[in-house]
Each structure stands twice: as structure tokens, then as C-alpha cells.
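# Examination of the molecular architecture
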Amino acid sequence: MQIPEQTVGEAATHRRREGLEAFQASLFARMDAACCEQLQARRLAVLIGDRHCLLNPAEAGEILALGGLPAPTHVPLTRAWYLGLLNIRGNLVGVADLAALAGAAPQARGRDSRVLVFAPGLAPNCGLLLSSVLGLRDISEMTQISKTYESKTELAGIVRRYKDTAGTEWNEIGLAALLSDAAFLHVGR
């Protein structure tokens, strides 16, 4: 039996089309994977007191300038590092000073001070005082170093430590890890 020449040509065109579609699907999958890897390597760089810290943007909610907010309302019988409650668009958010919790001097509140509210899925009513926000950093360009730190002012919630090419040491604080830290959760006196 002889196959007509036109049918052979259609089959070849069909195979090329399938090959092109598979190539496009593979290309899109690789682009998505590369994009996810880049996003997973990015961290929000902040100063907590004088400590350089990294936060996973997926765990962070909004960041508000402290100057645009009223002072936190003090809650009686709470620890000194628990600054009080802020009313952010009708939601009461408890704000903590991690530097003071670690035993360092309380963070000075200045023009660059910010409040970082935890991601709504994590803890919508919890926030941290930041001395300043430094932008985004890529941890794939840093060297991971030992998590142990010889200091009496160890911040709670540190999950990893890095050193950048300039020699600056960064503490990555896991906000989810912070929420399981007994000292952080015990705000009452």
C-alpha cells in the first residue's frame, strides 16, 4: 500500500508542530523555575538596632514609616521590649523591639524607623520595629557562615547567617521561627 505524498507531508508538519510546542513548554518551565529561584534567593535587608538582618519577603506584610503613625499605645504589665499596640487601618498590631528583647539598648526611633507587619497568614497582629530598611539582597551572592554568634545580644529567630562580599555579616531572621520563640511570645511581666 502506498501512502499519498500529501499525507506524508502533513505528518511531518504535525511532528514539527509537536516538537515546537514541547520546546516552548520546556522553555516556559525553565523560565518559571529560574524566576522562582531568583525570588527565593531575595531577602529584605533591614537594620534592627545596629544589626544587619535579612527577612524573607514571603513572611513579611507591609512596612510602614513610624513617623506616619501615632506612637504605640503602651500596654500595662508588659515587658519593656514590647512597645505596645498600633492601630493600623482598624487592626491592632503589637509591636516588638527585637534589639531590646536581646538585651541591647532599645532602638532609637528616627526618621528612617519603620514597622514591619508580619504576613497576614503568619501573624497579622504582630510587628517589629526596624531602625531602617536597606532594600533587597540576594543571598546567593553571600557566603553562609556559622549560625552561632558569640554575643550576649543574640537576636531571637535567627535561622541562618551570611557574610557578603564587603565582609558585612547578616542575620537571617525567620519570622515563623520567631513566632515559636518562647521569649518573644512572653510579652507579659
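Residues numbered from 1 in each chain as written. Predicted model: local features only at pLDDT ≥ 70, side-chain atom pairs only at ≥ 80, totals over all residues. Heavy atoms only, no water.

## A few points about the overall build of the chain
- When you go through the chain residue by residue, the secondary structure sums to 4 helices and 11 strands.
- Relative to its 189 residues, the chain shows a buried fraction of 34%.
- For the chain, contacts bridging at least 24 residues in sequence account for 58% of all contacts bridging at least 6.
- For the chain, the computed accessible surface area is about 11400 Å², with 55% contributed by carbon and sulfur atoms. (Helix = DSSP H or I, 4+ residues; strand = E, 2+ residues; numbered from the N terminus. Buried < 20%, exposed > 50% of the residue type's maximum accessible area, 1.4 Å probe, protein only. Contact = heavy atoms within 4.5 Å. Areas by Shrake-Rupley, 256 points an atom, 1.4 Å probe, with all protein chains shown as cover.)

## A short note on the sheet that holds strand S2 (residues 51–55)
- Spatially, the 6 strands line up as an open sheet ordered S8-S1-S2-S11-S10-S9, and their pairing is mixed. In this open sheet, the two strands that pair with only one neighbour each are strand S8 (132–138) and strand S9 (143–145). In this sheet, neighbouring strand axes are inclined to one another by 35 degrees on average, regardless of whether the strands run parallel or antiparallel. (Pairing = 2+ DSSP bridges. Axes fitted to C-alpha atoms, helices over the stretch in contact; angles between N-to-C directions.)

## Observations concerning the nonpolar core
- Counting 27 residues, the largest nonpolar core has Ile48, Leu98, Phe118, Ile173 and Phe184 as the members making the most contacts within it.
- Among the secondary structure elements, those contributing two or more residues to this core are strand S1 (42–48), S2, helix H2 (98–101), strand S6 (114–118), strand S7 (126–130) and helix H3 (175–178).
- Sorting elements by how many residues they give to this core places H2 first, with 4 residues.
- Contacts of Leu98, omitting those with residues within four sequence positions, involve Ile48, Gln107, Leu128, Leu155, Ala156, Ile173, Leu178 and Phe184.
- Judged by nonpolar contacts, the second largest core, of 10 residues, contains Leu66, Leu83, Val93 and Val117. (Core = buried A, V, L, I, M, F, W, Y, C linked by side-chain atoms within 4.5 Å.)

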